[in-house]
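Chains, contacts and geometry: an overview
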Amino acid sequence: MSTVRTVLGDIPPDRLGVCDAHDHVFFSSPRLPGEELCDAVAARAELAAFREQGGTGVVQWTPYGLGRRVADLRLLSRDTGVHIIAATGLHQAAHYPPELLTELRGRLAEVFVSELTRGVGTSGVRAGLIKVAGGFHALDAHARWTMTAAAEAHHATGAPIAVHLELGTGALDVLDLLCGESGVPPHRVILGHLNRSPDAVVQRQAAESGAYLAFDGPSRANHATDWRMPDGVRALADAGFGHRLLLGGDTTTAAARSVNGGPGMPYLLRRVRPRLELALGKTLVDRILTENPGRAFAVEWS
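**Some thoughts on the overall build of the protein**
Counting secondary structure elements, the protein contains 11 helices and 12 strands. The C-alpha radius of gyration of the protein comes to 17 Å, within 12% of the 19 Å expected for a compact globule of 302 residues. C-alpha atoms of the protein, sized along the principal axes, occupy 50 × 40 × 40 Å. Partitioning the contacts of the protein with sequence separation of at least 6, the portion at a separation of at least 24 is 76%. As displayed, the protein has an accessible area near 11,600 Å², and 52% of this comes from carbon and sulfur atoms.

Here it is as structure tokens:
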């Protein structure tokens, strides 16, 4: 049976409910000094605010070495009633000190598999996806290394691979590497940030591959493409790809949390959901928020 691997254990896909398919409860990076998501009290309040809007599932795409705090995720999930999926994986090289990357050479896939099957550190919390990242319109050596390791870990476990596309670019190169060269089934790949590069042709080609397409990070000042997103999602749905679409908030800084005055996690359901219902209808939006994440993150775990 396929199950979704949450921080509290494996659950049937239909229990995930209304899901923010790409967000961050905790996240710390040297690229965002002073904006760390590291306050457990604020995290609890943010999840509670999301729950009040009807949300019941959050997929945290924070990978290895960036402040995942998986033990806290377990406590927060219990306290708020929100299912949380944690990630293994590795972000772009700029997010890490060079000595950490050197230490991971030759054993990256092993680390991913261990975190998916045995747990992150001594927490006992198992990751439910692998998160990796591309570059702007290209895949550098670091991206190819991490994606190759992610493919190895997928073949060992069945885990889905979620990909940060830099400014929404490089989707087809990612699919060539993961699915073409490395043999990952396209339906096990989730392409993130496609709304940041609203190229309808590339989005259609990516959808035709069989991958999942995530439209995430609404209301971001440096990605002013919100107004185009409903039309792009509707075009994909009209072309028969409504079952491959995902929605997420992608809160990456403390200032962006709703409890700190930003849009935060609740914005996805408070504002984005009704706007999409005007374009797509309530029935399809409900499926995108519930059925699609259940399928995308459900695995017959090895």
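**Quick notes on unusual backbone geometry**
Apart from glycine, the bulk of residues carry a negative phi angle, and the bulk of peptide bonds sit in the trans form. One non-glycine residue, H193, lies in positive phi territory at about 75°. Relative to the helices and strands, H193 resides in the loop between β9 (189-192) and α7 (200-209). A positive phi angle, close to 55°, is found at D250, a residue other than glycine. Structurally, D250 is set in the loop between β11 (245-248) and α9 (266-280).

**Thoughts on the layout of surface pockets**
In this structure, the largest pocket occupies an estimated 530 Å³ of space. In terms of residue class, the lining of the largest pocket is made up of 7 nonpolar, 15 polar and 6 charged.

**Thoughts on the environment of R51**
For R51, the location among the structural elements is in helix α1 (residues 40-52). Residue R51 is classed as partly exposed on the basis of its relative accessible area of 35%. In the structure, R51 is positioned 31 residues away from V82 in sequence and 6.9 Å away in space, judged by C-alpha atoms. Look past the residues within four positions of R51 in its chain and what remains in contact with it is T56, T80, G81 and V82.

**With respect to the packing of α1 against helix α2 (residues 70-80)**
As a packed pair, α1 and α2 sit with axes 10 Å apart at the nearest point and diverge in direction by 40°. When the axis of α1 is compared with that of α2, the two are oblique. At the point where α1 passes α2, the crossing takes the right-handed sense. Contacts between α1 and α2 involve A40, A43, R44, L47, A48 and R51 from the first element and L76, D79 and T80 from the second. Taken together, the residues of the contact of α1 with α2 break down into 5 nonpolar, 1 polar and 3 charged.

**Remarks on the pattern of salt bridges**
Tallied over the full model, the rule gives 13 salt bridges. With its nearest N and O atoms 2.6 Å apart, the salt bridge here joins E103 to R107. K282 is the salt-bridge partner of D286, the closest N and O atoms lying 2.8 Å from each other. With D286 and K282 both in helix α10 (residues 282-289), this residue pair falls 4 residues apart, about one helical turn. Each of R273, E277, K282 and D286 takes part in salt bridges that share partners, so that together they form one network.

**Focus on the nonpolar core**
Proteins that are soluble and globular tend to have nonpolar side chains buried together. Counting 81 residues, the largest nonpolar core has V163 and L191 as the members making the most contacts within it. Counting residues in hydrophobic clusters, the runner-up holds 18 residues, among them V59, Y212, A214 and A298.

**Let's talk about helix α5 (residues 141-157)**
An ideal rise of 1.5 Å per residue puts 24 Å on 17 residues; α5 measures up with 24 Å between its terminal C-alpha atoms. Those residues of α5 that sit buried are H142, A143, W145, T146, M147, A149, A150, A151, A153, H154 and T157. Those residues of α5 hidden inside the fold are in contact with α3 (98-104), α4 (108-117), β7 (129-133), β8 (161-164), α6 (171-181) and β12 (298-299). For α5, the N-terminal cap is D140; the gap from its side-chain oxygen to the backbone nitrogen of H142 is 3.2 Å. Positive phi appears at G158, one or two residues downstream of α5, with a value of about 90°.

Quick notes on the rules
Residues numbered from 1 in each chain as written. Predicted model: local features only at pLDDT ≥ 70, side-chain atom pairs only at ≥ 80, totals over all residues. Heavy atoms only, no water. Helix = DSSP H or I, 4+ residues; strand = E, 2+ residues; numbered from the N terminus. Rg over C-alpha atoms; globule rule 2.2 N^0.38 Å. Contact = heavy atoms within 4.5 Å. Areas by Shrake-Rupley, 256 points an atom, 1.4 Å probe, with all protein chains shown as cover. 1 Å grid on protein atoms, 1.4 Å probe; cavity = no way out; pocket = protein on both sides within 12 Å on 5 of 7 lines; lining within 4 Å. Points joined across faces, edges and corners; volume = space filled by probe spheres on them. Nonpolar A, V, L, I, M, F, W, Y, C, P; charged D, E, K, R; others polar. Buried < 20%, exposed > 50% of the residue type's maximum accessible area, 1.4 Å probe, protein only. Axes fitted to C-alpha atoms, helices over the stretch in contact; angles between N-to-C directions. Parallel < 35°, antiparallel > 145°, perpendicular 65-115°, else oblique. Left-handed = near helix turned anticlockwise from the far one by under 90°. Salt bridge = Lys/Arg side-chain N within 4 Å of Asp/Glu carboxyl O. Core = buried A, V, L, I, M, F, W, Y, C linked by side-chain atoms within 4.5 Å. Expected span 1.5 Å × (residues − 1). Polar contact = N/O pair within 3.5 Å; in protein donor to acceptor, adjacent residues only side chain to side chain.

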